[in-house]
Amino acid sequence: MHLETKAIDEHNHQHLGEHKRRFEFAAGEIVNTTEVLDKLIAFNIAIPSWALGTGGTRFGRFPEGGEPRSLEEKIEDVGLIHALNRSSNSISLHIPWDIPENASSVKALAAQLGLHFDAVNSNTFQDQKDQKLSYKLGSLHHTDKAVRRQAIEHNIQVIKYGVELDSKALSVWLSDGSNFPGQLNFRTAFQNTLESLQEIYEALPSDRKMWIEYKPYEPNFYSTTIADWGQSHLLASKLGDKAKTLVDLGHHLQGTNIEQIVSLLLMEGKLAGFHFNDSKYGDDDLTVGSINPYQLFLIFNELVEGMDARNMNHAKDMGWMIDASHNVKDPIEDLIQSVEAIKIAYAQALIIDRNALVEAQQRNDVALAQEVLQQAYRTDVRPLVAEARLRAGGALQPITLFRQENVRKNLLKERGSKTISTGL
Ligand code: PSV
Ligand code: MN
C-alpha cells in the first residue's frame, strides 16, 4: 500500500494550528531550536525486516494479519513508516529470513521509497531446512571444525549480499554458549570464536564494518560465549579497526548501567551502534521508551557528549537500529512509537545545558548536575520532533494518520489475514 502525499498534506493542514501553538511555546523555552531541528531532520533509525510481523513467544504467536509475505512487502512497509515519520530511511535484513535474490530490483524498489539498506545480519542461531550440520551446540565457537566452517561460510555469504545491497556493515549475534557447568571450555570456545571471526573479518571489504553484539543469556542459560561488552570489545580489539561492539538495549542484566558502557566504548572509538528496544526483565523486545524512557535519555546524554567529543556526525557515524517485535501491537504502530521515543530522547539530550553540567561536575555539585539533566528531561520536546517531521515532509501525527487511512485494514485486504512474515 502506498500513502499519497495528498493525504499527509491534508492531515497536516488539519492539525497545523494546534501544532503551531505548541511549537512556538516549546521553541520559546529552548535556546538552540534551529540546531535541534536540523539534527532531528538528519537523524534516521533503521527498521529491522523481522519487526514488520507480529512477534511471538515460545507459547505462541497471534498474528495481526496483513503481514508482509515477501521481502518486497517488508520494504513497502518500511516505506510506509518512512512516509509517515520521515525518520526511517533504511531497512536491516536478516539472512536467511530475507534473502535478496535479485539485489538490483530490491535496491530499486527501496530507492523509489527513499530507502537504503542498513547492516545485514547473519543467522547461525537456528538450523535452516537444507543445512548439513546443526548449530544445536553452537556455531563459530563449536568444537567441530566443520560446523565452524559452515558458519564462517554463511557469514561470508551474508557479506556478499551486503555488498550487493550497498549495506555498510555485517552484524553478528551468536547464541553460542552452554547450558550446564562443565559443558564448555570457556577459553577454547572464545578462541574458536575469535579465529572464526578473523576469517570472516578478512572477507570484509575495507570500507565495511563488523558489528559484534553481546547478550548475557538466552538461549543458553549457563554461559554465553559473547556475553557482555567486555567480551565483545576484546574480540573487536583483537580483530582490528573494522570491528566494533554493538549495544542491544535488551541484552543486559537488570540494573546494568548501559550509559556508562556507551560512554567508554565511544571513548575507545569502539561503539558500532545500537539495537534499540526496551525491557523489564531481559530481551523482552518491548517498544523503545515504553518502560524506562529516562534510561534512554541518559544513554543519549552520553552519546551526544561522547560523539561531540570525537567530532562525530550524529546521524551518519553510528548504526542506529530498532530491534524489537512485540506480540500484542500492530507492528507498524509499534515501530512508529519506537522511532518517536528515540527522537524525543535525542532531542532532550541536545538541549542539555552542557556548560552548566560540566561546571557542576567540576565543582562536585551533585544536586545541580541532577537539576541540569532533569531540566532537559522534563522539557516537552514533542512539538520539536513534530516540527522536524513536518519540515521533512512527514505527518504531524503519524499514528493518527495511519489509523485514519485504515492502513492495516487495507493491508489485510491486500495480503489476507493469515499471512505470517519471516522472523522470530
Ligand atoms: C538476539 O536476541 C537479537 O538481538 C539479535 O540482534 C538477532 O539478530 C535479533 O535479536 C533477531 O532475533
Ligand atoms: Mn539485537
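Residues numbered from 1 in each chain as written. Chains lettered and ligands numbered in written order. Predicted model: local features only at pLDDT ≥ 70, side-chain atom pairs only at ≥ 80, totals over all residues.

Novice: Describe the overall build of the protein chain, with residues and values.
Specialist: Within the protein chain, the secondary structure is distributed over 15 helices and 12 strands. Burial statistics for the protein chain: of 424 residues in total, 46% are counted as buried. Excluding contacts between residues fewer than 6 apart, the proportion of contacts in the protein chain whose partners are at least 24 apart in sequence is 80%. (Helix = DSSP H or I, 4+ residues; strand = E, 2+ residues; numbered from the N terminus. Buried ≥ 20, exposed ≤ 12 C-beta atoms within 10 Å, placed from the backbone. Contact = placed C-beta atoms within 7 Å.)

Novice: Run through the nonpolar core, naming residues and quoting values.
Specialist: Grouped together as the largest cluster of nonpolar side chains are 108 residues, with contacts concentrated most on M210 and A347. Top element by residues in this core is helix 10 (residues 331-350). It accounts for 12 residues. (Core = buried A, V, L, I, M, F, W, Y, C linked by C-beta atoms within 7 Å.)

Novice: Quick rundown of helix 6 (residues 186-202)? Include the residues and the values.
Specialist: Taking 1.5 Å per residue as the helical rise, helix 6 with its 17 residues ought to reach 24 Å, and the 24 Å between its terminal C-alpha atoms agrees with that figure. For helix 6, the full list of buried residues reads A189, N192, T193, S196, L197, I200 and Y201. (Expected span 1.5 Å × (residues − 1).)

Novice: An account of unusual backbone geometry is requested, with residue identities and associated values reported.
Specialist: Following I95, the chain continues into P96 via a peptide bond in cis, with omega recorded as 15 degrees. Going from E218 to P219, the amide bond is cis rather than trans, its omega being 10 degrees. Among the structural elements, P219 can be located in the loop between strand 8 (209-213) and strand 9 (223-224). Backbone geometry places D285, a non-glycine residue, at a positive phi of 60 degrees. Residue position: D285 is located in the loop between strand 11 (271-276) and helix 9 (293-309). The phi angle at N311 is positive, at roughly 55 degrees, despite the residue not being glycine. Structurally, N311 is set in the loop between helix 9 and strand 12 (319-322). On the neighbour-count criterion, N311 (7 C-beta atoms within 10 Å) is exposed.

Novice: Please set out the sheet that holds strand 12 residue by residue, giving values where relevant.
Specialist: Judged by pairing direction, the sheet is parallel, and its 8 strands sit side by side in the order 1-4-5-6-8-10-11-12 without closing on themselves. Edge positions in the open sheet fall to strand 1 (47-48) and strand 12, since each of these has one partner strand only. Inspection of the sheet shows strand 10 (residues 243-248) paired to strand 11 by 4 bridges, in the parallel sense. Within strand 11, the residue paired with L246 across the bridge is G273. (Pairing = 2+ DSSP bridges.)

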